[in-house]
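The residues making up each chain are set out below.
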Amino acid sequence: MIDLTGKSVLDKTYEDLVRDANTGNIKFVEKNLTGLMDNNGKIILEATYGSIGDFYEDRAVVKKDNKFGYIDEEGKLVVECKYKYALRYSHGLAQVSTDGVTFGYINLDGELVFPEIYTYGSVFNDYGQVIVSISSDLQNGVYQLVDNEGTILLEHSSRIYGKGPLYYLVDDGLYYLYDTTGQKFVETGFDKVLSTDGYTVRIGGDDQSITDILYGEDKKEKARVTYPNGRSIVLYIDGEETVGLVVYGENEITVHYSGQHFTVPGERIMPWIDNGKIVVIKDELMGISNLDGTLELDYHYDFIYYQKDGFYLVSLDDSWGVIDEGYEVVIPLEYQRLNSQLNMPKI
């Protein structure tokens, strides 16, 4: 671990150092085991586990002897390592499985509050809801939208899609939208729903066109735009995931998302928009454009990845370094690898 001058801030070396994305603490590997230290190098947890995940809600998944459990940010084991797999916490619940086939959900104290009967599901979304199934045949099974209190909000014999506040499913050959209460959002049935993002619904046409419909929370249609061609893309705007549509023109790209759009130069883009900047690609080299379409950093690097506080991780000819928001080099490109979770002070 180095500072802005390139000087090491640790008095010893480790097999690996990875910064936790949410706490800023550092996971270190020593003799193939992982421990935890703070940003100043003070040991929080000696190298004990086969792996340590990122922290969510003061809990991180840990692995020991091929079983999974959880520790808190002080390194204390709060849920013993007894599961064949375990996912991160969200809304006070985490998905776990004892047999590796079916799973349930435990609370922050490790108590099983949703029995291990589910065959399909994930972490709870931003609305404290998750789509699950208890069917062994997922092609013909029953799916449920459930909240973190265990209330079944929606149940259907076909798969339920979406991450809220809109969900969708197929019923009698048509796609219907549902809200977070499990009720139909609108009565309209669509031939094909491709995705939902917030209150924007993307539908496909028989002629390969794509139409974006923007609804308000009042369920009224606010805008509708049809694109003769385009490609859906998952965008990360200041860290928040959204669904965008990319339309390619001659030496430029137009991106549409959540009722907004911008046009930037280049042949391709990276899917991250941070501080109003996006990485653009031309002739396999990367540069940086603002959303007004001005190329602020010419196509120069093999790879550019935005970090917090205006810094960028960059590589050229297999060497890595860091540039600042003015695109000046602050860590020379002389390293074989740099961690992708930087913790650099604002200059």
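Please read these numbers as outputs of a predicted model, since none were measured by experiment.

Topic: empty space enclosed by the protein
At step 1: According to the stated counting rule, one finds 2 cavities of 30 Å³ or more in the structure shown.
At step 2: The computed volume of the largest cavity comes to approximately 50 Å³.
At step 3: Put simply, the parts of the chain that give the lining of the largest cavity at least two residues each are strand 26 (268-274) and strand 27 (277-282).
At step 4: Of the residues in the lining of the largest cavity, the class split is 7 nonpolar, no polar and 2 charged.

Comments concerning the sheet that holds strand 10 (residues 93-97)
At step 1: Reading across from one edge, 9-10-11-12 is the order of the 4 strands in this open sheet, with antiparallel pairing throughout. Each edge of the open sheet carries a strand with a single partner, namely strand 9 (85-90) and strand 12 (112-118). Ignoring strand direction, the axes of neighbouring strands in this sheet form an average angle of 20°.
At step 2: Sheet analysis places strand 10 next to strand 11 (residues 103-106), joined by 3 bridges and oriented antiparallel. From the neighbouring strand, Ala 94 faces strand 11, where its bridge partner is Ile 106.

Notes on the sheet that holds strand 21 (residues 221-227)
At step 1: Judged by pairing direction, the sheet is antiparallel, and its 4 strands sit side by side in the order 18-19-20-21 without closing on themselves. At either margin of the open sheet sits one strand with a lone partner, and together these are strand 18 (193-197) and strand 21. Across this sheet, the average inter-strand angle for adjacent strands is 15°, counted without regard to direction.
At step 2: Taken together, the 4 bridges between strand 18 and strand 19 (residues 200-204) define a ladder with antiparallel strand orientation. Bridging across to strand 19, Val 193 finds its partner in Ile 203.

Observations regarding the environment of Trp 320
At step 1: Locating Trp 320 in the fold gives a position in strand 32 (residues 319-323).
At step 2: Trp 320 sits 16 residues away from Ile 304 along the chain, and the two C-alpha atoms are 9.9 Å apart.
At step 3: Residues in contact with Trp 320, not counting those within four places in the same chain, are Phe 303, Leu 313, Val 314, Ser 315, Pro 332, Leu 333, Glu 334, Tyr 335, Gln 336, Arg 337 and Leu 338.
At step 4: A polar atom in the side chain of Trp 320 sits 3.5 Å from the backbone oxygen of Gln 336.

Reading guide: rules and limits
- Positions within a chain are numbered from 1, following the residues in the order the chain's sequence is written.
- pLDDT decides what is reported in this predicted model: residues at 70 or higher carry local features, side-chain atom pairs at 80 or more are listed and counted, and totals for whole chains, interfaces and linings draw on all residues regardless.
- Only hydrogens and water are set aside when side-chain values are computed; all heavy atoms of the structure are taken into account.
- Using protein atoms alone on a 1 Å grid, points that fit a 1.4 Å probe yet trap it form a cavity, whereas open point sets bounded by protein on both sides within 12 Å along at least five of seven lines form a pocket; residues with an atom within 4 Å of a point count as lining.
- Grid points are joined across faces, edges and corners, and a volume is the space filled by probe spheres set on the points.
- Helix and strand assignments follow DSSP, with helices taken as H or I runs no shorter than four residues and strands as E runs no shorter than two, numbered in order from the N terminus.
- Throughout this entry, Asp, Glu, Lys and Arg are counted as charged residues, while Ala, Val, Leu, Ile, Met, Phe, Trp, Tyr, Cys and Pro are counted as nonpolar. The remaining residues, Gly among them, count as polar.
- Paired strands, in this sense, are two strands between which DSSP finds at least two bridges.
- Lines fitted to the C-alpha atoms define the axes, with helices restricted to the stretch that makes contact. Angles between their N-to-C directions range from 0 to 180 degrees.
- Here a residue-residue contact requires only that any non-hydrogen atoms of the pair lie within 4.5 Å.
- What qualifies as a polar contact is a pair of N or O atoms within 3.5 Å, subject to a donor-acceptor requirement within protein and to the restriction that residues adjacent in sequence count only when both atoms come from side chains.

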